[in-house]
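Descriptive structure summary
Now for the letters of each chain:
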Protein chains: 2
Amino acid sequence: MSDAEQTRQKIITIAADEIHQHGFQATSLSTILSRCGISKGALYYHFTNKLELGYAVFEENFIPLLLATWQPALSQDDPIEGLCDFFTSMSDSMVCSEAVCGCPLNNLCEEMANVDEGFRLRILSMQQKLNALIVDAFTKVKGDLRPELAFGQVAYFIVATFHGSTSLSKTSRNKELFQQVIAELCHYIRALKK
Amino acid sequence: MSDAEQTRQKIITIAADEIHQHGFQATSLSTILSRCGISKGALYYHFTNKLELGYAVFEENFIPLLLATWQPALSQDDPIEGLCDFFTSMSDSMVCSEAVCGCPLNNLCEEMANVDEGFRLRILSMQQKLNALIVDAFTKVKGDLRPELAFGQVAYFIVATFHGSTSLSKTSRNKELFQQVIAELCHYIRALKK
DNA sequence: ATGATAACCAACCGATCGGTTTGTTGCAAG
DNA sequence: CTTGCAACAAACCGATCGGTTGGTTATCAT
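Residues numbered from 1 in each chain as written. Chains lettered and ligands numbered in written order. Predicted model: local features only at pLDDT ≥ 70, side-chain atom pairs only at ≥ 80, totals over all residues. Heavy atoms only, no water.

1. Focus on the overall build of chain A
Check the secondary structure of chain A and you find 10 helices and zero strands. Written out in order from the N terminus, the α and β elements of chain A read α-α-α-α-α-α-α-α-α-α. If you line up chain A on its principal axes, its C-alpha atoms span 60 × 35 × 35 Å. Looking at the 194 residues of chain A, the share that counts as buried comes to 53%. With an accessible surface of roughly 8,400 Å², chain A has 52% of that area assigned to carbon and sulfur atoms. (Helix = DSSP H or I, 4+ residues; strand = E, 2+ residues; numbered from the N terminus. Buried < 20%, exposed > 50% of the residue type's maximum accessible area, 1.4 Å probe, protein only. Areas by Shrake-Rupley, 256 points an atom, 1.4 Å probe, with all protein chains shown as cover.)

As structure tokens, then:
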């Protein structure tokens, strides 16, 4: 990897961490620069402005991260149990510092969807991709599921509840509350089976 | 009402609208001042700083608004149907401009819970109050509900899903998606009955 | 050896932020 | 009639923001 590409990756990685912690608007370029150990000229050599840096972080860091997080759970032979195990292990292993930051997708959705159209469309695209993943997984085992279910609707419901539960855990700082909502979500998911 | 109290109320009302639209941190005092038609000296006569203004907005505007929104649904004879009617009529009557702004409680939770402890504790208190309202309503008709239910857990689940669905509608700008998730939430809620 | 280019640095810019200071007005009590 | 305080207005402050500019260094083909 060339020096330039190395610097670019470093910027994106650190910017992703800052955005995850403080949101996009509250993230200061100065902080990124000092953490990277580079100057502002270096950053603006690689990115035309802050917004383009944000888009790059979303596409090159957040999206692959989200897909890598959800994919394994959904490609199990039994995606129902795969999802429940995924949610449960996440709520069990969650430490306080993670609970505070929340899901990067949900964070950006809350913050930027009604602020910048570029962000909104990228977030929307990712939400649809995630939803399609869940629908595909359910379709593969649709013989085991209740026949009247609308998979798209159910998939959005699951993601909405998951995001809402991460939101709740931000104020409580208590993973037991998160675990409770996740437990209830797993009840719901398992009840999708015949 | 005295002139001073009138000015104070005007500031809070307009600040509440700005915070609801743009979040707390992105809300500019200058904008509030010009919308109110007052000077900065006037604002700082009534509030010691921006944070205290934010607290006042939360306690004197958002909290009463939220309680007035949820209370009627929960004090029905049948809180299950009350909640479903509440959610459904909200998703039906929602216009695009409302969908973009989301729920004030959820917005502040996402933005401020890990930024300011004063906000976090106030939000947490409100979440607990809302949860208690739901638990109380369910307890009154517990004879009609499935016996194995943990009401607190169920209540948090409902609120989490509702907040997650408002989050989803921010990106889609399409109330049909919101309606779908709400419809699935109503399925879940009605299934709480025996 | 030299010119070109990629990759970067340091200093600076205007704008805006939350917050402070000083001054002014209207009314009400003495 | 004047004194005093409540209720503001207007100007200003330092800090920080995203962004720009002009130069510097290292590499590499010619």
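2. Considerations on the nonpolar core
Of all hydrophobic cores here, the largest spans 133 residues; its most connected members are Phe87(A) and Phe87(B). Residues contacting Phe87(B), with those up to four places away along its chain left out, are Trp70(B), Ile158(B), Phe162(B), Ile182(B), Leu185(B), Cys186(B) and Ile189(B). (Core = buried A, V, L, I, M, F, W, Y, C linked by side-chain atoms within 4.5 Å. Contact = heavy atoms within 4.5 Å.)

3. A few points about the relation of the copies chain B and chain A
Of the transformation superimposing chain B on chain A, the axial component is 0.0 Å and the angular component is 180 degrees, with the fit at an RMSD of 0.0 Å. Taken together, these values place the two copies in the relation of a two-fold axis. (Least-squares fit on C-alpha atoms with pLDDT ≥ 70 in both.)

4. Looking at the side chain of Glu111(B)
All names here are of chain B. Residue placement: Glu111 occurs in helix H7 (residues 104-112). From its side chain, Glu111 meets the backbone nitrogen of Phe24 in a polar contact 2.8 Å long. At 2.8 Å, the side chain of Glu111 and the backbone nitrogen of Gln25 are in polar contact. Not counting the four nearest positions on each side in its chain, Glu111 is found in contact with Gly23, Phe24, Gln25 and Ala26. (Polar contact = N/O pair within 3.5 Å; in protein donor to acceptor, adjacent residues only side chain to side chain.)

5. Brief notes about the confidence of the model for chain A
Caution is warranted with low-pLDDT regions, since their predicted coordinates should not be read in detail. For chain A, per-residue confidence averages 94 on the pLDDT scale, and residues scoring 70 or more make up 97% of the total. Across chain A, element-level confidence peaks in helix H8 (residues 117-140) of chain A with a mean pLDDT of 98 and bottoms out in helix H6 (residues 96-101) of chain A with 74. (pLDDT = per-residue confidence, 0-100.)

6. Regarding the protein's contact with DNA strand C
Near DNA strand C you find 17 residues, and of these Thr7(A), Ser39(A), Tyr45(A), Tyr44(B) and Lys50(B) are the closest. Close to the protein, within 4 Å, the atoms of DNA strand C are drawn from sugar and phosphate at a rate of 59%. One of the side-chain nitrogen or oxygen atoms of Thr7(A) is found 2.6 Å away from a phosphate oxygen of DNA strand C. A distance of 2.7 Å separates a phosphate oxygen of DNA strand C from a polar atom in the side chain of Tyr45(A). The element best represented in the surface near DNA strand C is helix H3 (residues 40-46) of chain A, accounting for four residues. Here the surface near DNA strand C is composed, by residue class, of six nonpolar, nine polar and two charged. (Near = heavy atom within 4 Å. Nonpolar A, V, L, I, M, F, W, Y, C, P; charged D, E, K, R; others polar.)

7. Considering the protein's contact with DNA strand D
Of all residues adjacent to DNA strand D, which total 17 residues, the nearest are Lys40(A), Tyr44(A), Lys50(A), Ser39(B) and Tyr45(B). Among atoms of DNA strand D positioned within 4 Å of the protein, sugar and phosphate together represent 64%. In the environment of DNA strand D, a phosphate oxygen lies 3.1 Å from a nitrogen or oxygen atom belonging to the backbone of Thr27(A). Thr7(B) places a side-chain nitrogen or oxygen 3.2 Å from a phosphate oxygen of DNA strand D.

8. So, the side chain of Glu18(A)
Mapped onto the secondary structure, Glu18(A) falls in helix H1 (residues 3-22). If we ignore the near neighbours within four places in the chain, the residues touching Glu18(A) are Gly23(A), Thr27(A), Thr31(A), Ile32(A) and Arg35(A).

9. Structural notes on H1(A)
In an α-helix there are 3.6 residues to a turn, and that puts residues three or four apart on one side. All names here are of chain A. Its 20 residues give H1 an end-to-end C-alpha distance of 28 Å, which sits within 8% of 28 Å, the value for a rise of 1.5 Å per residue. Among all positions of H1, only Arg8, Ile11, Ile12, Ile14, Ala15, Ala16, Glu18 and Ile19 are buried. Residues of H1 that are buried sit in contact with helix H2 (29-36), H3, helix H4 (50-74) and helix H7 (104-112). Once H1 finishes, Gly23 follows within two positions and takes phi at roughly 85 degrees, a positive value. (Expected span 1.5 Å × (residues − 1).)

10. Structural notes on the state of the cysteines
Scanning all chains against the criterion turns up zero disulfides over all chains. Cys103(A) takes part in no disulfide bond, and the closest cysteine sulfur to it belongs to Cys109(A), at a distance of 9.6 Å. (Disulfide = S-S within 2.5 Å.)

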